[in-house]
Each structure stands twice: as C-alpha cells, then as structure tokens.
Amino acid sequence: AMRAPTGKVEARVEVPRSSAEVVIEATGVSKSFSGHMALHPTDLEVRRGEVVVVLGPSGSGKSTLLRTLNWIEAADDGDVWIEGKSLAWTEGRNGRRRRPEREIDRIRQRIGMVFQNFALFPTYTARQNVALGLMRLRGVKRAEALSRADDLLARVSLGDKTEAFPIELSGGQRQRVAIARAMSMEPVALLFDEPTSALDPETVGEVLTSMTDLAKAGATMVIVTHELGFAKKAADRIVFMEDGHKIMDLPVDRAFAPDAPPRFRAFLELVD
Ligand code: ADP
Ligand code: MG
C-alpha cells in the first residue's frame, strides 16, 4: 500500500522501540476542524504488548489522535494500519480507492475503546452489557457469551456484580464494566480516552488498578490520561502532545528523567 508522506514536526524526540510486531501504525495522520489544525501530521507505532500513555494539555490533540487510530475520526491525510490493514485505502480492480465504511467497521472491531463517559445500556445487567457484542457481532450463543462475560467481569474484580444494572453501580464499577465489554471482542489493542476523568476521586484508583492488571497481562493499550502516577507505573512509552503536534515519544524512564525535553518538563511541573 502507498503511504502518505509524513509532515515535519519540530523538536520531536524519538528513539527506536522493541522489536515486537506493530499492531497499530499511524503515518502522517492529520485533522483540521473548520480550518483549525487539531492534529498536525503525526506518526505513531504501537507494538504488541506495549502500553503507550498520551499526555498533554487540554486541546493539544490527544483525543483527535486517539480517535484517528480506529478511524472514528477519519484523518484528513495519512493512514492507519491495524494489523497491517489500511483504514484509508483498499486495492480495487482499478487501483487504490477509499476503503468502504463497512470494511472499516470490521477492521475497527479489532480495537476496543473506552471513553470518559461510558455508555452502558441502562436496561441490561453488567453481564448482558458485556455479552451483547459477542452475541450481536460475533454470533456467539447466549449461554457461552454470558459465561465469557462473567469471566471478563471477574478480571476487572466485578465477579460479584454480574447481575447488577448500571444504575446500581458506582462510576468506577461502570467504567470497569465498559473495560470488560471492550475486552470481550478480544481486541488487538485497547484505546482509552481519559477513562477516569469523569469519576469520583474515590473510584479512580480501582479503574487504574484494573488497567494496570490488563497491562501486566500483556494487553496492548494506548491511554490518554492525566494520571501521572499511573503513567509512570504502567506505561512503556510516553507520548507528549502540544498544539496538535506529537513533540515527544520516549520510553517511560527517559520521559521522566531530568534530561527529558524542556517543554515536557514544564508540562509536568504544571500538572504535578
Ligand atoms: P485534547 O483531547 O488534547 O483535549 P482534542 O483532540 O479534543 O484535544 O482537540 C484538539 C483541538 O481540536 C481543540 O482545539 C478542539 O477544540 C478541536 N476539536 C476537537 N474535536 C473537534 C470537533 N469535533 N469539532 C471542532 N473542533 C474540534
Ligand atoms: Mg480529549
């Protein structure tokens, strides 16, 4: 497949990464909204088992970058490959053409997403919420889907809440149901956009613990968050966004070292 040229990014700091297989590769993805460049051409590579934490001030393009990774937000330019499949283009009989939406849908199902505002179905129990995708999108039989849902809920420490309705759960518990639901499709990677920002402070920790458990179990994750403690503990890599540019992409130990890029150091001082 053809690859879009990658735009020049000022002051980008980047080092080579592990040799594991690349599961998500974004090249030169950019996006503007009514003339405003929300995301300048950006490259991002996510390898199997990696945990990439995306940090940056509000409005710096973190969500836009995350949303282009599974093409919820189709990039204006550039492309994203999920397990080697281009989301922008497909080879037709007459050469390259835009990939049809239904094909994008299918590829997109390989990526799980967890948002700030978890949208669980209010009339379904936790296990039904988790089982639904398996039944509807995968054709898994009901009993099997419910049993898998129970296993997934146990993994996020909700084994005792399988029959609870969303309204009976705390924000943190609901978000963990959303994580179990995202995992139910056995995605190659999970994307999180500020998964704890809308939660009461006392339930933030339990969600971060579930995410740390997933990371330890080898899940591939890209996480936009402001939780620096979590980032230091769970991330393999830190990406730093500013004004729609990815200006840093470093292993976590180098990102939090005294010789990290000054603009990132300044950001850390502001949020700490
Ligand atoms: P972050 O997640 O880092 O806060 P975003 O990616 O949401 O940043 O936004 C980057 C910029 O793009 C901001 O200026 C924001 O206002 C703008 N933006 C994002 N989404 C939209 C949209 N759907 N319509 C118009 N502007 C948007
Ligand atoms: Mg955002």
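Above this text is the structure in question.
Residue numbering note: each chain is counted from 1, following its sequence as written. Whichever chain is written first becomes A and whichever ligand is written first becomes 1, with later ones labelled in order. The predicted origin of the model limits local features to residues at a pLDDT of at least 70 and limits the giving and counting of side-chain atom pairs to 80 or more, whereas totals for whole chains, interfaces and linings rest on all residues.

Engineer: So what's going on with the site of ligand 1? Which residues, and what values?
Structural biologist: What makes a residue near a molecule or strand is its C-beta atom, placed from the backbone, lying within 6 Å of it. Near ligand 1 you find Phe 33, His 36, Ala 38, Gly 56, Ser 58, Gly 59, Ser 60, Gly 61, Lys 62, Ser 63 and Thr 64, and these make up its full shell. A run of H or I in DSSP counts as a helix once it spans at least four residues, and a run of E counts as a strand once it spans at least two, with each numbered from the N terminus. Ranked by the residues each element gives to the shell around ligand 1, the list is headed by helix α1 (residues 62-69), at 3 residues. Think of it as three bins: nonpolar holds Ala, Val, Leu, Ile, Met, Phe, Trp, Tyr, Cys and Pro, charged holds Asp, Glu, Lys and Arg, and polar takes everything else, Gly as well. For the shell around ligand 1, the class distribution of residues is 2 nonpolar, 8 polar and 1 charged.

Engineer: Kindly report on the environment of Met 135, identifying the contributing residues and their values.
Structural biologist: With respect to the secondary-structure elements, Met 135 resides in helix α3 (residues 126-138). The burial criterion counts other C-beta atoms lying within 10 Å of a residue's C-beta, which is placed from the backbone; the residue is buried at 20 or more, exposed at 12 or fewer, and partly exposed between these limits. Looking at Met 135, the number of C-beta atoms within 10 Å reads 17, which means it is partly exposed. When the C-alpha positions of Met 135 and Leu 146 are compared, they lie 9.1 Å apart, and in sequence the two are 11 residues distant. Ignoring any residue separated from it by four or fewer positions in sequence, one finds Met 135 in contact with Val 140, Arg 142 and Ala 145. Note on contacts: each residue gets a C-beta atom placed from the backbone, and two residues are in contact if those atoms are within 7 Å.

Engineer: I'd like a rundown of the packing of helix α4 (residues 142-155) against helix α5 (residues 171-184), residues and numbers included.
Structural biologist: Across the interface, α4 lies against α5 with an axial gap of 9 Å and an inter-helix angle of 130°. By the criterion of interaxial angle, the relationship of α4 to α5 is oblique. Here the hand of the crossing between α4 and α5 comes out right-handed. Here Arg 148, Ala 149, Leu 152, Leu 153 and Arg 155 of α4 come into contact with α5, specifically with Ala 180, Met 183 and Ser 184. Partitioned by chemical class, the residues of the contact of α4 with α5 number 5 nonpolar, 1 polar and 2 charged. What counts as an axis is a line fitted to C-alpha atoms, over the stretch in contact for a helix, and the angles between N-to-C directions run from 0 to 180 degrees. Angle categories are assigned with fixed cut-offs, so that under 35 degrees is roughly parallel, over 145 is roughly antiparallel, 65 to 115 is roughly perpendicular, and the rest are oblique. Left-handed is the label given to a crossing in which the near helix is rotated counterclockwise from the far helix by less than a right angle, and right-handed is the label when the rotation is clockwise.

Engineer: Run through the nonpolar core, naming residues and quoting values.
Structural biologist: As used here, a nonpolar core is made of buried Ala, Val, Leu, Ile, Met, Phe, Trp, Tyr and Cys residues. They are joined through C-beta atoms within 7 Å. Membership of the largest hydrophobic core comes to 72 residues, with the highest contact counts inside it found for Val 53, Val 54, Ala 189, Met 221, Val 222, Ile 238 and Phe 240. In terms of residue count, the dominant contributor to this core is α5 (6 residues). Once residues within four sequence positions are removed from consideration, Val 222 is found in contact with Val 46, Val 52, Val 54, Leu 66, Leu 69, Ala 189 and Leu 191.

Engineer: How would you sum up the sheet that holds strand β5 (residues 77-82)? Please name residues and give values.
Structural biologist: Within the open sheet, the 4 strands sit side by side as β3-β2-β5-β6. Their pairing is antiparallel. The open sheet terminates on both sides in strands that have one partner only, identified here as β3 (36-47) and β6 (85-86). Two strands are said to pair when DSSP picks up at least two bridges between them. Where strand β2 (residues 22-33) meets β3, 8 bridges bridge the pair, whose relative direction is antiparallel. The residue bridging Ser 32 from the neighbouring strand is Met 37, located in β3. Across the sheet, α1 lies against β2, β3 and β5, angled at about 125° from β2, the strand it touches most.

Engineer: I'd like to hear about α3, residue by residue, with values.
Structural biologist: Helix length check: α3 (13 residues) gives 19 Å between terminal C-alpha atoms against 18 Å at 1.5 Å per residue, within 8%. For α3, the complete set of buried residues consists of Ala 126, Arg 127, Asn 129, Val 130, Ala 131 and Leu 134. Close packing links the buried residues of α3 with α4 and α5. The first or second residue beyond α3 is Gly 139, which carries a positive phi of 65°. The span you would expect from a helix comes to 1.5 Å times its residue count less one.

Engineer: Please provide a residue-by-residue account of the packing of α3 against α4, values included.
Structural biologist: Axis separation between α3 and α4 bottoms out at 8 Å; the angle between their running directions is 125°. When the interaxial angle is binned, α3 and α4 end up oblique. In the crossing of α3 with α4, the sense of the turn from one axis to the other is right-handed. Between α3, through Ala 126, Arg 127, Val 130, Ala 131, Leu 134 and Met 135, and α4, the contact on the second element is made entirely by Arg 142, Ala 145, Leu 146, Arg 148, Ala 149, Asp 150, Leu 152 and Leu 153. Among the residues forming the contact of α3 with α4, the class breakdown is 10 nonpolar, no polar and 4 charged.

Engineer: Let's hear about unusual backbone geometry: which residues, and what values?
Structural biologist: Of note, the phi angle at Trp 71 is positive, near 65°, even though the residue is not glycine. Locating Trp 71 in the fold gives a position in the loop between α1 and β5. Among the residues examined, Trp 71 registers 21 C-beta atoms within 10 Å and is labelled buried. The phi torsion at Ser 157 lies on the positive side, around 60°, for a residue other than glycine. With respect to the element layout, Ser 157 can be found in the loop between α4 and α5.

Engineer: Tell me about α5, residues and numbers included.
Structural biologist: Taking 1.5 Å of rise per residue, the 14 residues of α5 would be expected to cover 20 Å, and the 20 Å separating its terminal C-alpha atoms lies within 8% of that figure. Counting buried residues in α5 gives 13 out of 14 residues, a clear majority hidden from the surface. A positive backbone phi angle near 50° is found at Glu 186, which sits one or two residues after α5.

Engineer: For the pairing of β5, give the residues involved together with the corresponding values.
Structural biologist: Both β2 and β5 contribute to a ladder of 5 bridges, which runs antiparallel. By the bridge assignment, Ile 24 is partnered in β5 with Ile 82. Bridge analysis of β5 against β6 gives 2 bridges, and the strand direction is antiparallel. Residue pairing for β6: Ile 82 is matched across the bridge by Lys 85. Count of turn residues in the β5/β6 antiparallel hairpin: 2 residues, of which Glu 83 carries a positive phi of about 45°.

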